[in-house]
Amino acid sequence: MKINFLAFSYFGLVLFIWLIQIALTYQTRFLYQFEDGGQYATAVIWFVNHEISVISSTAFSLYALFHVIYRFFGFSLDTPHYFRIILHLFTLLSLGILLKRYFGYLKSIIPLATIGLSPTFTYFVTYSAQYGLELQLIPICLVLVDSLDYEKKIKAAILETGVWFIAMFGLISYAPFTFFLPALAIIMLIRGWWLFKKK
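Quick summary incoming for the structure in this document. Bear in mind that the values here come from a model prediction, so they are computed numbers and not experimental data.

Membership of the largest hydrophobic core comes to 30 residues, with the highest contact counts inside it found for Leu62, Phe66, Phe83, Leu133, Leu137, Leu144 and Val163. Elements represented by at least two residues in this core include exactly α2 (34–48), α3 (60–73), α4 (79–116), α6 (133–146), α7 (153–173) and α8 (181–198). Per element, the largest residue contribution to this core is eight residues, and it comes from α6. Leu95, Tyr105, Phe121 and Val125 belong to the second largest nonpolar core, which has 13 residues in total.

Written out as structure tokens, the structure is:
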């Protein structure tokens, strides 16, 4: 079987960036903020009992998710870090695929490294609270939108459902995600118009 060395190296870079993020998260895992305990410990307990601990605790989809995780795997303050790290792998893969589709492997290396290793990205992913969660969800939504093909109706329906499920998860987890929804809707409309025109 012939191996595409360029593709192998490109996605190896994705994995390398992810490993750097793991190292950064590992180094900062003991720097718990007030929000870490409040969002993923007390707020989950309040949520399960149909109450709100403080008015700013509104990440309801995350509370529901972590309630399920805690029920199956037990409670740990490190669990949110694991969640952000696993999610970040899908984010980087989505970003890598999206860049490769439009620019090719070689021209995508610098943008991929620049975005993946940007201080904004690396900082927010080390944070176990929901801050910056939209930065991780948007690339996943965009790669799903870019994969839409309305000639394959079942696939298109699944992808559209996935896009809006992730978008609603982000919205209910972190209110600033609201500002991305109009742009996401416009991108989907443009994608649909382009596919219609392409016929």
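Relative to the helices and strands, threonine 79 resides in helix α4. Sequence-distant contacts of threonine 79, defined by excluding residues within four places in its chain, comprise Phe66, Ile69, Tyr70 and Gly74.

What follows covers the pattern of salt bridges. Tallied over the full model, the rule gives two salt bridges. Between aspartate 146 and arginine 191 there is a salt bridge, with its nearest N and O atoms 3.8 Å apart. Of this pair, aspartate 146 sits in helix α6 while arginine 191 sits in helix α8, and the two are 45 residues apart along the sequence. Arginine 191 shares its class with aspartate 146; the two are buried. One network of salt bridges, in which partners are shared, links Arg101, Asp146 and Arg191.

Along the chain, isoleucine 172 falls in helix α7. Linking isoleucine 172 and phenylalanine 60, residues 112 residues apart in sequence, is a C-alpha distance of 6.0 Å.

For the pair α6 and α8, interaxial distance at closest approach is 10 Å and the crossing angle is 15°. It follows that α6 is roughly parallel to α8 by the angle criterion. As α6 runs across α8, the sense of the crossing is right-handed. Residues Cys141, Leu142, Val145 and Asp146 of α6 pack against Leu184, Ile187, Met188 and Arg191 of α8. Considered class by class, the residues forming the contact of α6 with α8 number six nonpolar, no polar and two charged.

Our next topic: the packing of aromatic side chains. For the structure shown, the criterion picks out eight aromatic pairs. Seen in terms of ring centroids, phenylalanine 11 and tyrosine 105 are 6.5 Å apart; in terms of plane orientation they differ by 80°. Their pairing is edge-to-face. Here tyrosine 105 lies in helix α4 and phenylalanine 11 lies in helix α1 (residues 5–28), a separation of 94 residues in the sequence. A centroid spacing of 5.5 Å and a plane angle of 75° characterise the contact between phenylalanine 66 and phenylalanine 83, whose relative ring orientation is edge-to-face. Placement of the pair is phenylalanine 66 in helix α3 and phenylalanine 83 in helix α4, with a sequence separation of 17 residues. When its relative accessible area of 18% is taken as the criterion, phenylalanine 83 is described as buried. Every member of this aromatic cluster is reached through a ring pair, and the members are Phe66, Tyr70, Phe75 and Phe83.

Attention now moves to the environment of alanine 156. Structurally, the position occupied by alanine 156 is in helix α7. Each residue touching alanine 156, except ones within four places of it in the same chain, is listed here: Leu148, Asp149 and Tyr150.

What counts as what
Residues numbered from 1 in each chain as written. Predicted model: local features only at pLDDT ≥ 70, side-chain atom pairs only at ≥ 80, totals over all residues. Heavy atoms only, no water. Core = buried A, V, L, I, M, F, W, Y, C linked by side-chain atoms within 4.5 Å. Buried < 20%, exposed > 50% of the residue type's maximum accessible area, 1.4 Å probe, protein only. Helix = DSSP H or I, 4+ residues; strand = E, 2+ residues; numbered from the N terminus. Contact = heavy atoms within 4.5 Å. Salt bridge = Lys/Arg side-chain N within 4 Å of Asp/Glu carboxyl O. Axes fitted to C-alpha atoms, helices over the stretch in contact; angles between N-to-C directions. Parallel < 35°, antiparallel > 145°, perpendicular 65-115°, else oblique. Left-handed = near helix turned anticlockwise from the far one by under 90°. Nonpolar A, V, L, I, M, F, W, Y, C, P; charged D, E, K, R; others polar. Phe/Tyr/Trp six-rings, centres within 6.5 Å; stacked < 30°, edge-to-face > 60°.

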